[in-house]
Amino acid sequence: MFKEVTIGQYYQTDSVLHRMDPRVKLIGTFAYIISLFIVNSFVGYAFAAVFLAAMILLSRVPFGYIVRGMKAIMFLLIITVIFNLILTPGRPLIQIWKITITWEGLSFAVKMAVRLIFLIIGSSLMTLTTTPNQLTDALESVMGPLGRIHVPVHEMAMMMSIALRFIPILMEETDKIMKAQIARGADFESRSLIKKIKSMVPLLVPLFISAFRRANDLAMAMEARCYRGGEGRTKMKPLVYRGSDMVAFAILAVYFAACIALRGAGY
Amino acid sequence: MGIIQTLNLIHDYITRDEEGNEVGTVRALDDVSLDVEPGQFIAVLGHNGSGKSTLAKHLNALLYPSGGTVIVDGMNTQDDDKLWNIRQEAGMIFQNPDNQIIGQVVEEDVGFGPENMGVPTKEIWERVEESLKTVGMWEYRKKSPNHLSGGQKQRVSIAGVIAMHPKCIIMDEPTAMLDPSGRREVIRAARALNDVEKITIILITHHMEEAIYADHVFVMDEGKIALQGTPREVFSEVEKMQALHLDVPAVTMVAHELRKAGVDIPAGILTKEELGAALELVPSVASMQSGKIS
């Protein structure tokens, strides 16, 4: 039931983007998302599209694979477009019954759709080329300074990585419980929504109980292995910037500056 | 002096009602005194609820005594300054292999302990390599723990503890959730550590066959040490063991019944080979055998 969600799942191959330091990718993705809101013209979007296309080529992830992941957000996209189309005031273009579509609405809707699509492709490109582990490390490192104002950065990163480790275990457990309930006559196939929700209760209760038990065990095992938070902890796989990462930062800076320049020039 | 000592150790679990008032206490450990010498292989037996897991948690300072003291390598577990030293010197393996592996890759999990101790990166890698090779899991270092068998996962957990360079490893029913072949893997790894690395092992188990290799066996019942001695001494007390709801190894049982039936063999036989050798010495059996051969 979770198989069809391919959006942003790590795609294993060897490419410049895969080998890049995860921090560069994380910062780059944020910069790209911001740049999408800086540019505000079709020339600007074309520029962002060229940049994105270049990154997709560099990543060696098949374009079809990325597009397939987009299916999940299709619904959101359509709703956004419709609302922008009919709710923006301005010069009327077409009028059907009480609904007016304006020129401004049309241009706004298209821009919004383009933004959203680029945003999703851009950020899924990061997760497609970065393992969850590297991503957690990068988050911890980039957010590190927040630790000084008592944001539990290390703890959050640790929770993320533990959650990632336990997802397959809990999925397997869900499957087991489901089969056990089916064997005792539970009905998970029913089409009625209410019945479906009701049938989730005997599934979720044992799953939660078992998850809490696991959490308790795990906490004890971590303590037994001297875990005491992020302080004084060393890294087995520390993140180190290499020359190529510096080049990547430079390219990113040039792209970002160009986006600001485009906006300034009135495009 | 022993590496692990408990002196009149008492542990009470306090049961509370919904408002958090104490409604009663359950005494899980009652006046337990034991002394473990460095390099020994110790087995702790007992049926469910006999207090053996509670005892294990005291030896790693996961629980604190309600009364009495626990000394690990000269350090009192109630001394907060020594807490991390104790946990490093007395490693712990738990029952469920899934719930004690933290890393998403085998090698990262083994590195978890040394990372917590603040070991420099280069040395972490050396320790990881050394410990994974010790338990024979080096080829699996890049694998996800989810793709390993139970016995392999448990060996990874053992490697994770060895990487912290402990003097003593406490294993709390490490084989309870494994199939027979997984059980053999884990026990073999534990014995090798004891033989080769001279690490003190405290194996808590309810599989009697695993206890026959121990130097010393403690049998727990209702929070007390009910019986102790060498495996031979303990398992010769078949009736006492049965009174404690514990089995003795099948071979020992057969030998015991034979003895009761009047066959002249020694008490406390632990292996098939021993039983065979003992039977050879019994005149009637020996004559039967030679009769068959001739």
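Here the structure is a predicted model, which means the values were calculated and not measured.

Colleague: Please provide a residue-by-residue account of the packing of helix 5 (residues 150–162) of chain B against helix 6 (residues 180–196) of chain B, values included.
Modeller: All names here are of chain B. Closest axis-to-axis distance for the helix 5/helix 6 pair is 8 Å, and the angle between their directions is 20 degrees. As judged from the angle between their axes, helix 5 and helix 6 are roughly parallel. Crossing of helix 5 against helix 6: the hand is right-handed. Judged by residue contacts, Gly150, Gly151, Gln154, Arg155 and Ile158 of helix 5 engage Ser181, Gly182, Glu185, Val186 and Ala189 from helix 6. Class assignment for the residues of the contact of helix 5 with helix 6 results in three nonpolar, five polar and two charged.

Colleague: Tell me about the pairing of strand 7 (residues 168–172) of chain B, and please be specific about residues and values.
Modeller: All names here are of chain B. Buried residues dominate strand 7, accounting for five of its five residues. Residues Cys168, Ile170 and Asp172 of strand 7 are buried on one face, and the alternating residues Ile169 and Met171, pointing to the opposite face, are buried as well. Sheet topology places strand 6 (residues 90–93) next to strand 7; four bridges connect them, and they run parallel. When the sheet's bridge partners are listed, Gly91 is paired in strand 7 with Ile169.

Colleague: Explain the domain arrangement of chain B to me, using residue names and the numbers behind them.
Modeller: Looking at chain B, the domain boundaries give domain 1 (40–65 + 83–231) and domain 2 (249–294). Between the C-alpha centres of domain 1 of chain B and domain 2 of chain B there is a distance of 36 Å.

Colleague: How would you summarise the pairing of strand 1 (residues 4–16) of chain B if you had to cite specific residues and measurements?
Modeller: For a regular strand, side chains alternate in direction, first toward one face of the sheet and then toward the other. Residue and element names in this part refer to chain B. Bridge analysis of strand 1 against strand 2 (residues 22–36) gives ten bridges, and the strand direction is antiparallel. Residue pairing in the sheet places Ile4 in a bridge with Val36 of strand 2. Here five bridges tie strand 1 to strand 4 (residues 67–72), and the two strands are oriented antiparallel to one another. Along strand 4, the bridge assignment pairs Thr6 with Val70.

Colleague: Please provide a residue-by-residue account of the domain arrangement of chain A, values included.
Modeller: Frequently, the measure chosen for interface size is the accessible area that the parts lose on association. According to the domain assignment, chain A contains domain 1 (16–130 + 239–264) and domain 2 (147–224). In this structure, domain 1 of chain A and domain 2 of chain A have C-alpha centres spaced 34 Å apart.

Colleague: How would you explain helix 1 (residues 52–59) of chain B if you had to name every residue and give the values?
Modeller: All names here are of chain B. Burial within helix 1 is extensive, with seven of its eight residues counted as buried. For helix 1, the full list of buried residues reads Lys52, Ser53, Thr54, Leu55, Ala56, His58 and Leu59. In the segment just after helix 1, Ala61 is the residue with positive phi, at about 60 degrees.

Colleague: Can you tell me about the sheet that holds strand 7 of chain B, naming the residues and giving the values?
Modeller: Through backbone hydrogen bonds, the strands of a sheet pair up, either in parallel or in antiparallel fashion. All names here are of chain B. A sheet is described by the order of its strands in space; here six strands give the open sequence 6-7-8-3-9-10, paired in mixed fashion. Each edge of the open sheet is held by one strand with a lone partner, namely strand 6 and strand 10 (224–229). Along the sheet, successive strands turn relative to each other by an average axial angle of 20 degrees, direction set aside. Its contacts with the sheet put helix 6 on strand 3 (41–45), strand 7 and strand 8 (200–205), and the angle it makes with strand 8 is roughly 155 degrees.

Colleague: Tell me what's going on with the nonpolar core, and back it up with residues and numbers.
Modeller: Among the nonpolar cores identified, the biggest contains 83 residues, and B:Ile42, B:Ile201 and B:Ile202 are the most heavily contacted of them. Leaving out residues up to four positions away in the same chain, B:Ile202 has contacts with B:Val36, B:Ile42, B:Val44, B:Leu59, B:Cys168, B:Ile170 and B:Met171.

Colleague: I'd like to hear about the environment of A:Tyr227, residue by residue, with values.
Modeller: Tracing the backbone shows A:Tyr227 in the loop between helix 9 (193–224) and helix 10 (243–264). With 20 C-beta atoms counted inside 10 Å, the residue A:Tyr227 sits in the buried group. Not counting the four nearest positions on each side in its chain, A:Tyr227 is found in contact with A:Met222 and B:Asn116.

Colleague: Provide a residue-level description of the environment of B:Lys167, including the pertinent values.
Modeller: All names here are of chain B. On the secondary structure map, Lys167 appears in the loop between helix 5 and strand 7. Lys167 sits 34 residues away from Ile201 along the chain, and the two C-alpha atoms are 8.9 Å apart. With near-sequence residues (within four places) excluded, Lys167 lies in contact with Ile3, Pro38, Asp73, Glu89, Ile199 and Thr200.

Colleague: Tell me about the interface of chain A and chain B, and please be specific about residues and values.
Modeller: Contact residues are listed per partner, giving 25 residues for chain A and 28 residues for chain B. Broken down by secondary-structure element, the contributors of at least two residues to the side of chain A that touches chain B are helix 8 (153–183) and helix 9 of chain A. In terms of residue count, helix 9 of chain A provides more of the side of chain A that touches chain B than any other element does, eight residues in total. Classifying every residue of the side of chain A that touches chain B gives 13 nonpolar, four polar and eight charged.

Colleague: Kindly report on the sheet that holds strand 4 of chain B, identifying the contributing residues and their values.
Modeller: All names here are of chain B. Here four strands make up an open sheet; going across it, the order is 2-1-4-5 and the pairing antiparallel. Sheet topology places strand 2 and strand 5 (75–76) at the edges, where each strand pairs with a single neighbour. Relative to strand 5, strand 4 runs antiparallel, the two sharing two bridges. By the bridge assignment, Ile71 is partnered in strand 5 with Asn76.

Calculation notes
Residues numbered from 1 in each chain as written. Chains lettered and ligands numbered in written order. Predicted model: local features only at pLDDT ≥ 70, side-chain atom pairs only at ≥ 80, totals over all residues. Axes fitted to C-alpha atoms, helices over the stretch in contact; angles between N-to-C directions. Helix = DSSP H or I, 4+ residues; strand = E, 2+ residues; numbered from the N terminus. Parallel < 35°, antiparallel > 145°, perpendicular 65-115°, else oblique. Left-handed = near helix turned anticlockwise from the far one by under 90°. Contact = placed C-beta atoms within 7 Å. Nonpolar A, V, L, I, M, F, W, Y, C, P; charged D, E, K, R; others polar. Buried ≥ 20, exposed ≤ 12 C-beta atoms within 10 Å, placed from the backbone. Pairing = 2+ DSSP bridges. Domains from an automatic or database assignment. Core = buried A, V, L, I, M, F, W, Y, C linked by C-beta atoms within 7 Å.

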